[in-house]
Amino acid sequence: MSMEQVPTKMSALRACLLCAHVKTAQQFLSDGCGNALCDRLLGMAGDEERMHECTTPQFDGMIAMTSPSESWVAKWQHLTTFKPGCYAIAVGGGLPDNVEQHLLENNIRARPKKWTG
């Protein structure tokens, strides 16, 4: 697993609102999400405002995956097609309306891992 996919520190973490990938704000800003779909549709790399719109510090639990295609946890969390890394079990908040519209225009239905609490 490459280091850009793993949080470099355990404070000030954020989760992608589309795939729940967990990284620091600086990692999202410099590298984007890391999952191809998110990088293509959200374009967070180099755009601080977009990074803040499409990530959240509000999430519960975290899992680390090294082999998503072979992991039962990845299957349970619907993450088998994503890159190895750390993922939130549930996230708070939602994508901005303009991003949701962009996803719908591309026939992609966001399936957020929202918490109920």
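For the structure, see preceding data.
Residues numbered from 1 in each chain as written. Predicted model: local features only at pLDDT ≥ 70, side-chain atom pairs only at ≥ 80, totals over all residues. Heavy atoms only, no water.

Chemist: What is the right way to read the nonpolar core from this model?
Modeler: As a rule of thumb, soluble globular proteins bury nonpolar side chains together. Of all hydrophobic cores here, the largest spans 32 residues; its most connected members are Cys-16, Leu-18, Leu-42, Met-44 and Leu-95. Taken together, the elements giving at least two residues each to this core come down to β1 (13-16), α2 (36-42), α3 (48-54), β4 (59-65), α4 (72-76), β5 (85-91) and α5 (97-105). Top element by residues in this core is β5. It accounts for four residues. With sequence-adjacent residues up to four places away left out, Leu-42 is seen in contact with Cys-16, Leu-18, Arg-50, Cys-54, Leu-95 and Val-99. (Core = buried A, V, L, I, M, F, W, Y, C linked by side-chain atoms within 4.5 Å. Buried < 20%, exposed > 50% of the residue type's maximum accessible area, 1.4 Å probe, protein only. Helix = DSSP H or I, 4+ residues; strand = E, 2+ residues; numbered from the N terminus. Contact = heavy atoms within 4.5 Å.)

Chemist: Whenever I open this one, the environment of Thr-81 confuses me. Can you help?
Modeler: Positionally, Thr-81 belongs in the loop between α4 and β5. When the C-alpha atoms of Thr-81 and Ser-67 are compared, they prove to be 10.0 Å apart, with 14 residues separating the residues in sequence.

Chemist: Please explain a nonpolar patch on the surface as it appears in this structure.
Modeler: Taken together, Trp-72, Trp-76 and Ile-89 make up a surface patch of nonpolar side chains, about 380 Å² in accessible area. Along the chain, Ile-89 turns up in strand β5. (Patch = residues over 30% accessible without salt bridge, like charges linked within 9 Å, V, L, I, M, F, W, Y side chains within 5 Å. Areas by Shrake-Rupley, 256 points an atom, 1.4 Å probe, with all protein chains shown as cover. Salt bridge = Lys/Arg side-chain N within 4 Å of Asp/Glu carboxyl O.)

Chemist: Looking at this model, I keep getting lost on the packing of aromatic side chains. Mind explaining?
Modeler: Each aromatic ring pair is described using two quantities: the centre-to-centre distance and the angle formed by the ring planes. The tally for this structure, following the rule as stated, stands at two aromatic pairs. Taking 6.4 Å as the distance between ring centres and 35 degrees as the angle between the ring planes, the aromatic pair formed by Trp-72 and Trp-76 counts as tilted. One end of the pair is Trp-72 and the other is Trp-76, both in helix α4 and four residues apart, which spans about a single turn. Given the relative accessible area of 63%, Trp-72 is considered exposed. When the ring of Phe-82 is compared with that of Tyr-87, the centres are 6.1 Å apart and the planes differ by 15 degrees; the resulting orientation is stacked. With respect to class, Phe-82 is no different from Tyr-87; both count as buried. (Phe/Tyr/Trp six-rings, centres within 6.5 Å; stacked < 30°, edge-to-face > 60°.)

Chemist: Explanation requested: the sheet that holds β1 in the structure shown.
Modeler: In sheet architecture, strand pairing relies on hydrogen bonds along the backbone and comes in two forms, parallel and antiparallel. Read from one edge to the other, the open sheet built from three strands follows the order β2-β1-β3, with strand pairing classed as antiparallel. Edge strands, defined here as strands with exactly one partner in the open sheet, are β2 (22-24) and β3 (55-56). As paired strands, β1 and β2 are joined by three bridges and run antiparallel to one another. Bridge assignment links Ala-15 to a residue of β2, and that residue is Val-22. (Pairing = 2+ DSSP bridges.)

Chemist: Looking at this structure, I do not really get unusual backbone geometry. What am I missing?
Modeler: Comment: phi is negative for the bulk of residues other than glycine, and the bulk of peptide bonds are trans. Even without glycine at this site, His-78 takes up a positive phi of about 60 degrees. At Asn-107, a residue that is not glycine, the phi angle is positive and equals roughly 55 degrees. Checked against the element boundaries, Asn-107 lands in the segment after α5. With relative accessibility at 73%, the residue Asn-107 sits in the exposed group.

Chemist: What am I meant to see in the environment of Glu-53 here?
Modeler: By secondary structure assignment, the location of Glu-53 is in helix α3. On the basis of relative accessibility, which here comes to 30%, the residue Glu-53 falls in the partly exposed class. For the pair formed by Glu-53 and Leu-95, sequence separation is 42 residues and the distance between their alpha carbons is 6.9 Å. Setting aside anything within four residues of it in sequence, one finds Glu-53 in contact with Leu-17, Gly-94 and Pro-96.

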